[in-house]
Structures are given as structure tokens and as C-alpha cells.
Amino acid sequence: YDDTYDAIVVGAGLSGTAAALTMAREGLDVLLLERGPAPGTKNVFGGVLYTPTIRELVDIDDAPLERYIAEKKFSMLSADGDETAVSMRPSAWSDDPHNDSYTVLRRRFDEWFAKQAEEAGVTLITETTVTDVLRDGDTIVGVRTDRPDGEIRAPVVVLAEGANSLVSETAGLKDRPDREDVAVSVKEVFKLNRETIDDRFHLDGDAGAAYHYFGEGAVGEAVGGGFVYTNKRTVSVGVAYRIEDAAQGQTPEATLDAFESHPAVAPLVRGGRRIEYSAHAIPEGGADAMPDLVYDGAVVVGDAAGLVLNSGVHLEGTNMAVESGYHAGKAIAAAIEDGRTDEAALAAYPRDLEDSFVVENLRHYDWFHRTIATDRQFLFEDLPRALADAETEYFKMDRSSKEAHTDAARERLLDATGGWVGAAKRAWRFRRML
Ligand code: FAD
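Residues numbered from 1 in each chain as written. Predicted model: local features only at pLDDT ≥ 70, side-chain atom pairs only at ≥ 80, totals over all residues. Heavy atoms only, no water.

> Describe in detail the packing of helix α15 (residues 402-417) against helix α16 (residues 419-429), supporting the description with residues and values.
Look at α15 against α16: their axes get within 7 Å of each other, and the N-to-C directions meet at 70°. Compared by their axis directions, α15 and α16 come out roughly perpendicular. Of the two possible hands of crossing, α15 and α16 adopt the one that is left-handed. Contacts between α15 and α16 involve Arg 410, Leu 414, Ala 416 and Thr 417 from the former and Gly 419, Trp 420, Gly 422, Ala 423 and Arg 426 from the latter. (Axes fitted to C-alpha atoms, helices over the stretch in contact; angles between N-to-C directions. Helix = DSSP H or I, 4+ residues; strand = E, 2+ residues; numbered from the N terminus. Parallel < 35°, antiparallel > 145°, perpendicular 65-115°, else oblique. Left-handed = near helix turned anticlockwise from the far one by under 90°. Contact = heavy atoms within 4.5 Å.)

Pasting the structure below:
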């Protein structure tokens, strides 16, 4: 390698490629390093790609998108096989740009995105793992890779290595996240005919579905949820829950098996051929758990910086990854133009991110994880069952009056919430979700 790069980006995921592309457009010489044989091959993802920022960077008309999200469904599953669901299909989501929400296969999308960066002048080198940063005193001046003679120097290093941020941790740029701030996720991909998927999920053309599941029937006694997303010819099914619960003996494999066997989920993937199994971490500590984002000669972006929003109804990391890469790229270009890349010179990055939807959304939902953890028995076990019991009572077909059914349904719900006072307290605690 020559030592002529202005910046080295560690990881060709969404955040790294967005940073590299932004810097190249600003005229910098950028080296993008990826440990996988191609960008996206090491990626694990549900998932729905949110494209408002990507769309600003590249023309996504030719991007390998799978389906746009035409329907979202949120379901409570009890361990007894009950399902209570709210589903929505606003007609606006069928119109271009489809609310900027698309399922993608990261293997294909990340490779395409990195190709756009290469076309803008970025040098991409794959099958190269960064093992550490190089320092001159406290300043980061490059990276060490697993290649022979693999030390590369540059004024700025962008750490975009994802949730498993070993380089940043080894270099002491961030602490290992607390167990309660990380979710473990396992996912399987089932191959099915396109027509079968369309029929099962009531879809037409490029329309797709994103189903989210909560409750004991989704993830047992853990704090988390399950998901089902439709691609063109595959369906992704997975669970994500706090790593702390996994450490207490709830294995990801058994949790995913139980979820896939739930009567609400099993028919969706019946007959599908399993073609992929993967596991990954999701940082979900919110704004409180964000590490410092700049150092002398380095910035941290995307999942490595903990930029994922999980508020129960939103699971968003892709848009935050791209937005952070974009702001980092802009700030680095300006700093290099000024001839300085110390922490103060790079400070525009955290400042701009702070002013963007990324930090604002993380702060808005900071309360969420800690609050649900304090009420897990109610939310994950009692509520799904109580809802199913209340529905059963309310719609019961017998010879008693509707008023008697309504009273019985209300009683079931109040039993679970601890009466009117308990219900009011919980409504107050979770008011911010709305
Ligand atoms: P990554 O996409 O993880 O990319 C990091 C890259 O760095 C990888 O290519 C990796 O191979 C490379 N790398 C790592 N270490 C090194 C190294 N030492 N040297 C060289 N290369 C290295 N977000 C959504 O918006 N919608 C969803 O539906 C959604 N669902 C999800 C479901 C699951 C199961 C998981 C795990 C996550 C989901 N997310 C979702 C979150 C989303 O995937 C991430 O927020 C996003 O991928 C972060 O992008 P990134 O570029 O920061 O990291």
C-alpha cells in the first residue's frame, strides 16, 4: 500500500461506505477496508433499509432493493398460542418513494453501495481485517491490518466496524458496552416461491410486509421481540433480545425455534427451505450509552457508536449509520482542508450529529429500555394473555348479554393491570411511546 490516503475507513457497511463516499465526493483520497470477501457478506440484518439519507447520496433507482414496505403489523403473542395484532397498510406507502422503507439483502445492497463509492474514487480493499490502530503519542495515525506489512497511515481513521467493535475497544476508544445495552439477535432466511410469499402475506408486485412480534410467545421471558420480513423470494425470521437474558440461560437457538413454531408464525414459513442462519449483536443503549465520537485522528460512526434506535415500534439502525457516516465524512473533509485532524478540528461531526434526527431520536427514547425492563412480567407475559382472554370474553358467542361480556372482558384486563390505578400508572409511564 502507499501512504497517500487522506482517510482510512474500517468496515464497508452502511456507515463506512457513506463516510467514504462523502469524503471522496469532497475530493479526498479514501481507503475503505473490509474484512469480508465483499461488502455485505459479513452482514446480519432483519431487515428494512431506511433510505432518506442514502437517497441524498446516490440514485437508488438502480439499487438492489427487494420489496417496499406496504404493510406493518405489530403482534402480541402469548406462550399459549394467542395472537392480538394491529396491522396497517396506508395507501401512501404504495406510492413512490414508498416511505423510504425497503427490505434488502445486505449481501447485494452493501456491495452495490460500495461500488458507488468506488465510482466516486474510493479504493476498496476486501479480505483485510484491521487488528488495531497505529498511534503517535495519543494521536491515531493509521491502522494495522492482518496483511503482511499491513500498516497503513493516514491523518484520519473512521471506525465503522459495526456492533462488534473490537478495534475501537482494543484501542481504548470505547468501553465494552454493558450487557443490558446490547441485544443478541439470531435470524434465519427461508426460501419460498414468490407467489407463495405474495399469497401468504397478501402482497402484489413489489409490495412487502414487516411483522413485529412481542410477548412471551415471541421471545420467552426475555426483553425483546421477534420479526418476519418479506424479500422477493425469501422470508427473514428472527428474534432479538437482551444479551443479559441470553446469559441467564435462554439460548438464542431455542428462542428462535419456539418463535418459529408459534401458531401465528409457523404458517408463514411452512415448507420454506432454510438457506441462512446468522447471529449478531444490536447496540440499544440509546444516547446514554453513546461513546465519545471523536479523538485525535479518529471518529466512530454507525453501530460502533451505538447509533441504533429500538423503541419497540421502531428498529432503526441503517438510517442512523448512513447519516453518521455522512456527517463524519463532511467534518473530516473540512478538517483536512484546514490542515488539522485533532479532536477539536473534527468536532463538527458530533455537533452535526447532535443536531440531526439521530441523536434527537435516541434521546427521545432513552427512557424506553429501562422502563420496559422494570415491567417485563406485565408486558411480556401477563398482557398478551390478558388481551387474548379479554377478546375471548368480549366476542363470546353464548346466551348472555353483551354487557355481561364487556364486564368480563374489562375484568380480565384490570386483573392483569392491577386495577384502574395500575392501568392509569402504566398508561402514564408509557405515554411517551405515542
Ligand atoms: P455494519 O453494517 O455491521 O458494518 C460493519 C462492517 O465492518 C461489516 O461489513 C464488517 O464486516 C466490517 N468490519 C468489522 N470489523 C472489521 C475490521 N476489524 N476490519 C475490517 N472490516 C471490519 N436496522 C434497520 O434500520 N432496520 C432493520 O430492520 C434492522 N434489523 C436488524 C436486524 C438484525 C438481526 C440486526 C443484527 C440489526 C438490524 N438493524 C436494523 C440494525 C442495522 O443492521 C445496523 O444498524 C447497521 O447495519 C449498522 O451499519 P454499520 O455500517 O454501522 O455496521
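Back to the text.
> Pulling in residues and values, what's your account of the site of the ligand?
Residues in contact with the ligand amount to 37 residues; listed here are only the nearest, Glu 34, Val 48, Ser 185, Asp 303 and Thr 318. Glu 34 places a polar side-chain atom, nitrogen or oxygen, 2.6 Å from an oxygen atom of the ligand. Here the ligand loses 97% of its free accessible area of 1,000 Å² to cover by the protein chains. Along the lines of polarity and charge, the residues of the shell around the ligand split into 16 nonpolar, 14 polar and 7 charged. Three or more residues apiece are contributed to the shell around the ligand by two domains, here domain 1 (7-64 + 105-176 + 288-355) and domain 2 (179-283). (Near = heavy atom within 4 Å. Polar contact = N/O pair within 3.5 Å; in protein donor to acceptor, adjacent residues only side chain to side chain. Areas by Shrake-Rupley, 256 points an atom, 1.4 Å probe, with all protein chains shown as cover. Nonpolar A, V, L, I, M, F, W, Y, C, P; charged D, E, K, R; others polar. Domains from an automatic or database assignment.)

> Run through the pattern of salt bridges, naming residues and quoting values.
By the definition in use, this model includes 25 salt bridges. The shortest N-O distance in the salt bridge between Lys 330 and Glu 26 comes to 2.7 Å. Placement of the pair is Lys 330 in helix α10 (residues 318-338) and Glu 26 in the loop between α1 (14-25) and β2 (30-33), with a sequence separation of 304 residues. Taking the relative accessible area as the measure of exposure, Lys 330 reaches 34% and is therefore partly exposed. Arg 108 is paired through a salt bridge with Glu 66; the nearest N and O atoms lie 3.6 Å apart. Taken together, the positions of Arg 108 in helix α3 (residues 106-119) and Glu 66 in strand β4 (residues 65-77) put the pair 42 residues apart, joining distant regions of the chain. Given a relative accessible area of 45%, Arg 108 falls into the partly exposed group. Overall, Glu 66 belongs to the buried group, its relative accessible area being 7%. (Salt bridge = Lys/Arg side-chain N within 4 Å of Asp/Glu carboxyl O. Buried < 20%, exposed > 50% of the residue type's maximum accessible area, 1.4 Å probe, protein only.)

> Please give an account of the packing of aromatic side chains that cites residues and values.
The description of an aromatic ring pair rests on the distance of the ring centres and on the angle between the ring planes. Summed over the entire model, instances satisfying the criterion amount to 8 aromatic pairs. With centroids separated by 5.6 Å and ring planes inclined at 85°, the aromatic side chains of Trp 367 and Phe 368 adopt a geometry described as edge-to-face. On the accessibility criterion, Trp 367 (9% relative accessible area) is buried. Judged by its relative accessible area of 5%, Phe 368 is buried. (Phe/Tyr/Trp six-rings, centres within 6.5 Å; stacked < 30°, edge-to-face > 60°.)

> Go over the sheet that holds strand β10 (residues 151-153) with me, naming the residues and quoting the values.
Ordered in space as β8-β9-β10, the 3 strands form an open sheet in which the pairing is antiparallel. Two strands close off the open sheet at either side, each with one partner strand: β8 (130-136) and β10. Put simply, the sheet's adjacent strands are angled 30° from each other on average, direction ignored. Relative to strand β9 (residues 139-145), β8 runs antiparallel, the two sharing 6 bridges. Bridging from a neighbouring strand, Leu 134 pairs with Gly 142 of β9. (Pairing = 2+ DSSP bridges.)

> Would you mind going over the domain arrangement of the protein in detail, with residue names and values included?
The domains assigned to the protein are domain 1 (7-64 + 105-176 + 288-355), domain 2 (179-283) and domain 3 (369-433). Domain 2 and domain 3 are separated by 26 Å when their C-alpha centres are compared. If you look at the interface, domain 2 gives 10 residues, while domain 3 gives 8 residues. One salt bridge in this structure joins Arg 385 and Glu 216, with 3.2 Å as the shortest N-O distance. Residue composition of the side of domain 2 that touches domain 3, grouped by class: 2 nonpolar, 2 polar and 6 charged.

> Lay out the nonpolar core in plain terms, naming residues and giving numbers.
Within the largest apolar cluster, 119 residues are counted, with the highest numbers of intra-cluster contacts made by Phe 109, Phe 113, Val 228 and Phe 259. Top element by residues in this core is α10. It accounts for 8 residues. Grouped together as the second largest cluster of nonpolar side chains are 6 residues, Val 48, Ile 69, Ala 210 and Tyr 229 included. (Core = buried A, V, L, I, M, F, W, Y, C linked by side-chain atoms within 4.5 Å.)

> Give a detailed account of the pairing of strand β14 (residues 224-230), specifying residues and quantitative values.
Burial analysis of β14 places 7 of its 7 residues in the buried class, which makes it a mostly covered element. In β14, alternate side chains face the same way, and those of Gly 224, Gly 226, Val 228 and Thr 230 on one face and Gly 225, Phe 227 and Tyr 229 on the other are all buried. For strand β13 (residues 207-214) and β14, the ladder comprises 4 bridges, and the chain directions are antiparallel. In the strand pairing of β14, Tyr 211 is matched with Val 228. Two strands pair when backbone bridges link them, and β14 and strand β15 (residues 234-242) are joined in this way by 7 bridges, in the antiparallel orientation. Bridging from a neighbouring strand, Gly 226 pairs with Val 239 of β15. Counting the residues that bridge the hairpin from β14 to β15 gives 3 residues.

> Account for the packing of helix α11 (residues 348-355) against helix α12 (residues 357-364), naming residues and giving values.
Their axes nearest at 4 Å, the elements α11 and α12 cross at an angle of 60°. Taken as axis vectors, α11 and α12 run oblique relative to one another. When α11 is examined against α12, the residues Leu 353, Glu 354 and Asp 355 are found in contact with a partner set consisting of Phe 357, Val 358, Val 359 and Arg 363.

> Got a sec to walk through the side chain of Asp 181? Specific residues and values, please.
Mapping Asp 181 onto the fold places it in the loop between α4 (166-170) and β12 (182-191). Leave out the neighbours within four places in its chain, and Asp 181 touches Ile 282, Pro 283, Glu 284, Gly 285, Ala 289 and Arg 370.

> Account for the sheet that holds strand β1 (residues 7-10), with residues named and values stated.
Spatially, the 6 strands line up as an open sheet ordered β7-β2-β1-β11-β18-β17, and their pairing is mixed. Edge positions in the sheet fall to β7 (123-125) and β17 (294-295), since each has one partner strand and no second.

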